[in-house]
Amino acid sequence: FLWLRDNCMCAECRVVQTTEKRFMINSLPVDLKAQTADLRDDELTVVWPDNHTTRFPLAELAALCQPKTDPRVAWPKDFEACRVDYASFLGEDAVAESTI
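Residues numbered from 1 in each chain as written. Predicted model: local features only at pLDDT ≥ 70, side-chain atom pairs only at ≥ 80, totals over all residues. Heavy atoms only, no water.

1. Here's the deal with the pairing of strand E2 (residues 43-47)
Argument step 1. Extensive coverage of E2 is indicated by the burial of 4 of its 5 residues.
Argument step 2. Summarising the sheet, strand E1 (residues 36-40) and E2 pair through 5 bridges and their orientation is antiparallel. For Asp-38, the partnering residue across the bridge sits in E2 and is Thr-45.
Argument step 3. Here E1 folds back onto E2, and the loop between the two strands holds 2 residues, one of which, Asp-41, carries a positive phi near 55 degrees.
Argument step 4. By the bridge criterion, 5 bridges tie E2 to strand E3 (residues 53-57) in an arrangement that is antiparallel. Counterpart to Val-47 in the pairing with E3 is Thr-53.
Argument step 5. A loop of 5 residues connects E2 with E3, the two strands running antiparallel in sequence, and Asn-51 in this loop sits at a positive phi of about 70 degrees. (Buried < 20%, exposed > 50% of the residue type's maximum accessible area, 1.4 Å probe, protein only. Helix = DSSP H or I, 4+ residues; strand = E, 2+ residues; numbered from the N terminus. Pairing = 2+ DSSP bridges.)

Right, here's the structure in full:
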């Protein structure tokens, strides 16, 4: 339950412009439990003991269960980095353009 409460995105819990938290998780009891939890209209609604309400679209929660893909791609085995004189790169536009 702590994760759900800590990740509430409502304007009461987060600064809307930055999503910065307005409260710290250490202010919550470790054994936090929901007062009520309801699944309706493709949304999980949790009411906490302090009567705060958190809503999560089920699609967002389901996406958290999907395996993450690794966006990194290894260099090809025949890759060889080009070497450029640093001063020339900075001082000569043609060298910089051909390098980039």
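The discussion continues.
2. Side note on the packing of aromatic side chains
Argument step 1. In the structure shown here, the tally under the stated rule is 3 aromatic pairs.
Argument step 2. Considering the side-chain rings of Trp-3 and Phe-56, the 5.9 Å spacing of their centres and the 25 degrees angle between planes classify their relative orientation as stacked. Taken as a pair, Trp-3 in helix H1 (residues 2-6) and Phe-56 in strand E3 lie far apart in primary sequence, 53 residues in all.
Argument step 3. A relative accessible area of 44% places Trp-3 in the partly exposed class. (Phe/Tyr/Trp six-rings, centres within 6.5 Å; stacked < 30°, edge-to-face > 60°.)

3. Describing the environment of Val-16
Argument step 1. Position of Val-16 among the secondary structure elements: in the loop between H1 and E1.
Argument step 2. A sequence separation of 15 residues divides Val-16 from Phe-1, and the C-alpha atoms of the two residues are 23 Å apart.
Argument step 3. Ignoring any residue separated from it by four or fewer positions in sequence, one finds Val-16 in contact with Ala-11 and Arg-22. (Contact = heavy atoms within 4.5 Å.)

Worth remembering: the numbers are spatial, not functional.
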